[in-house]
Amino acid sequence: MYKLLIVDDERNIRAGLKAMIEREYPFMYSIRLAAGGAEALELYRDEKADMLITDIRMPGMDGLELIQELSRDPLPPAFVILSGYDDFQYAKEAISYKVREYLLKPIVREELYQALERTTNDLKQEHEMNRNLEELVKYREEHAADQLNYIFLHPDISKPEMEQRCAKAGLHLLNQSYVCGVMQTSRSQNEVLKKLWADAFSGDACVCFEDKDRNVVVIASDEPAKAAFTRLLHDKRLAVWIGVSANAVGPEQVKTSYIQGKQALKYKMLNTNQNGALFYYEDVNRLSAPQDFPEEKFRKLANLLGTGKKQEIADVLHGIMDVQEIKRYDISYLEQLSRLLNELVFDQVFASYGEASVEILKSYKKVGYLYHSETLSGYIHAAEDLLLRLDSYINDIKDAHVGHAEMKAAIDYIRRNYDKPLNMATVSNYVSLNYSYFSESFKHFTGMSFVPYLKKVRIEKAKDLLKRTHGKVYEIAEQVGFENVKQFNRVFRDLEGISPMEYREKALNNPTNITPQIVSERSPTPLTEGAFAKQKY
């Protein structure tokens, strides 16, 4: 279905044209109407049209001004104009804008249909040619990408092979100065970026493709390319960050140029401009890097984890990751700080305490590679979040280990004294723990509160006595620590679903059907060792 925009300041003409076209060609055209040039331009910008039928004379923006404006589009619509006999001078001027058809008012139905069919046939051929051209361009791009990515990825490649692969890629920059630009968009809209590059760069000596990291790479003549990079940077349709190599000559410099472009692009991390930026390798390569690194601060950071001193942890991290200090140096300084944070803090913590929860591991994976973050502030924020999570995690692990022996002693005491009057105060005093702390720790360790746990122990002992002895129910209730038989019967039914006597009868009739339940303690999940995989920058 073709998109058709009809523009005329007379409502009856707009509606009449729409009705005639839809009657003769149902389902062939999707038609929108506009009462003037300004409205038509707004509709077109909202959704492009394949064809435009417009009157020439209209108040405000007339048809000729509208055609002039739309002709600036890289793929403008097919133009058909309407005019009266006295508008011939306008019509002659419109011819310079490649108007396809010229119709006189009043509109003759057959002439309209013939004009539409000719224009539609032309569009079909053009669309087919565009598809073929796009496929050819895509094939060339993929072929260039294969050849050049092979050069980029292989460390040992001979000069003759490099020349051969550059030629196969269509890169004929053997004796002239060129640059390599590595481009990245804020939303990874690479197809849009490639189209904008094609609009901005008019030179033939150029290849454009995607590398293994899905950056858009261009290799082109130096001065035209630099001018195109600047135009692209100021194009408001897409934010783009561009790393540009130094000037190079000869195919043997292609790989070096690409590495320089990628190195320059890394400085996006230190840039706060949300609309994109341009980084030249010749500029950033002048920056130096310090020889000494604050390793003692990293060790202090590792030692603070698990202490609960969250503000001090954050302060030490921000002291290490001093943004103003980092921006003074080569990007390798930040990369080394990131490595030391991994090796001296995160690796050490995970080697000692094992892997943490899924949420902590997600943060861990993001922070582990510096360039997973879009900006330096984003990286620092993610690192701080992970450190504070680890601080809480290690605290929990320590608490679990510290309380483990006391909880085992408490449970052993309950099992030895279940038949005596017991309460949580008695048991917490026995293991020398604060009442509230004991309550929380006991619940975490066993999976239930103190009173339900004690009832369960007593009922398990009672079930054993019901099966093994002929004691009266009230006698067994007293033996396992219940104050009276009524309470015993109620608790027994709540936990087992039947009365003590029904349980005994069932056990006697089918002893294999009654399996004593085991009251087990729930211990902390065992830790597994894990270390942070080293990342290369």
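As the structure is a computational prediction, the values presented were derived from the model and not from experiment. (Residues numbered from 1 in each chain as written. Predicted model: local features only at pLDDT ≥ 70, side-chain atom pairs only at ≥ 80, totals over all residues. Heavy atoms only, no water.)

Visitor: Explain the overall build of the chain to me, using residue names and the numbers behind them.
Guide: Helix and strand counts for the chain come out as 22 helices and eleven strands. Out of the 537 residues in the chain, the part that is buried amounts to 45%. When contacts within the chain are restricted to residue pairs at least 6 apart in sequence, long-range pairs at least 24 apart make up 69% of them. Here the chain has roughly 29200 Å² of accessible surface; of this, 50% comes from carbon and sulfur atoms. (Helix = DSSP H or I, 4+ residues; strand = E, 2+ residues; numbered from the N terminus. Buried < 20%, exposed > 50% of the residue type's maximum accessible area, 1.4 Å probe, protein only. Contact = heavy atoms within 4.5 Å. Areas by Shrake-Rupley, 256 points an atom, 1.4 Å probe, with all protein chains shown as cover.)

Visitor: An account of the nonpolar core is needed here, citing residue identities and associated values.
Guide: Membership of the largest hydrophobic core comes to 70 residues, with the highest contact counts inside it found for Leu148, Ile219 and Met321. Here the element with the most residues in this core is helix H16 (residues 376-417); it accounts for eleven residues. Aside from chain neighbours lying at most four places away, what touches Met321 is Ile326, Leu334, Leu337, Ser338, Leu341, Tyr379 and Ile380. By size, the runner-up hydrophobic cluster in this structure holds 31 residues, among which are Ala410, Tyr418, Phe442 and Phe482. (Core = buried A, V, L, I, M, F, W, Y, C linked by side-chain atoms within 4.5 Å.)

Visitor: So what's going on with the environment of Glu10? Residues and values would help.
Guide: Along the chain, Glu10 turns up in the loop between strand S1 (2-7) and helix H1 (11-24). Separated by 26 residues in the primary sequence, Glu10 and Gly36 place their C-alpha atoms 9.2 Å from one another.

Visitor: Explain the pattern of salt bridges to me, and be specific about the residues and the numbers.
Guide: On inspection of all chains with the given rule, the structure shows 32 salt bridges. Put simply, Arg72 and Glu69 hold a salt bridge, and the shortest N to O gap is 2.6 Å. Residue classification places Arg72 among the exposed residues on the basis of a relative accessible area of 60%. Ionic pairing is found between Arg118 and Glu101, a salt bridge with its closest N-O pair at 2.9 Å. Of this pair, Arg118 sits in helix H5 (residues 109-153) while Glu101 sits in strand S5 (residues 99-104), placing them 17 residues apart in sequence. Since its relative accessible area comes to 13%, Glu101 is described here as buried. Connected via shared salt-bridge partners are Glu191, Lys194, Glu210 and Arg214. (Salt bridge = Lys/Arg side-chain N within 4 Å of Asp/Glu carboxyl O.)

Visitor: Explain the packing of helix H7 (residues 190-200) against helix H8 (residues 222-233) to me, using residue names and the numbers behind them.
Guide: Two numbers describe how H7 lies on H8: the axes approach to 9 Å, and their chain directions differ by 125°. Taken together, the axes of H7 and H8 are oblique relative to one another. Judged by the twist between their axes, the crossing of H7 over H8 is right-handed. Facing Leu193, Leu196, Trp197 and Ala200 of H7, the residues of H8 in contact are Ala225, Ala228, Phe229, Arg231 and Leu232. In terms of residue class, the contact of H7 with H8 is made up of eight nonpolar, no polar and one charged. (Axes fitted to C-alpha atoms, helices over the stretch in contact; angles between N-to-C directions. Parallel < 35°, antiparallel > 145°, perpendicular 65-115°, else oblique. Left-handed = near helix turned anticlockwise from the far one by under 90°. Nonpolar A, V, L, I, M, F, W, Y, C, P; charged D, E, K, R; others polar.)

Visitor: So what's going on with the pairing of strand S2 (residues 29-34)? Residues and values would help.
Guide: For S1 and S2, the ladder comprises six bridges, and the chain directions are parallel. Paired with Leu5 across the bridge in S2 is Arg32. Taken together, S1, H1 and S2 constitute a β-α-β crossover, and its handedness is right-handed. (Pairing = 2+ DSSP bridges. Right-handed = clockwise from strand over helix to strand, strands pointing away.)

Visitor: Please provide a residue-by-residue account of the confidence of the model for the chain, values included.
Guide: Confidence along the chain averages 86 in pLDDT terms, with 88% of residues attaining 70 or more. Per-residue pLDDT stays below 50 along residues 513-536; that stretch engages in 56 contacts with residues further than four places along the chain or on separate chains. (pLDDT = per-residue confidence, 0-100.)

Visitor: Give a description of a negative patch on the surface that names residues and reports values.
Guide: There is a patch of like negative charges on the surface, built from Glu24, Glu110, Glu111 and Glu117. Broken down by element, the negative patch gets its largest block of residues, three residues, from H5. With respect to the element layout, Glu110 can be found in helix H5. For Glu110, a relative accessible area of 49% corresponds to the partly exposed category. (Patch = residues over 30% accessible without salt bridge, like charges linked within 9 Å, V, L, I, M, F, W, Y side chains within 5 Å. Lys, Arg positive; Asp, Glu negative; His and termini not counted. Charge placed at Lys NZ, Arg CZ, Asp CG, Glu CD.)

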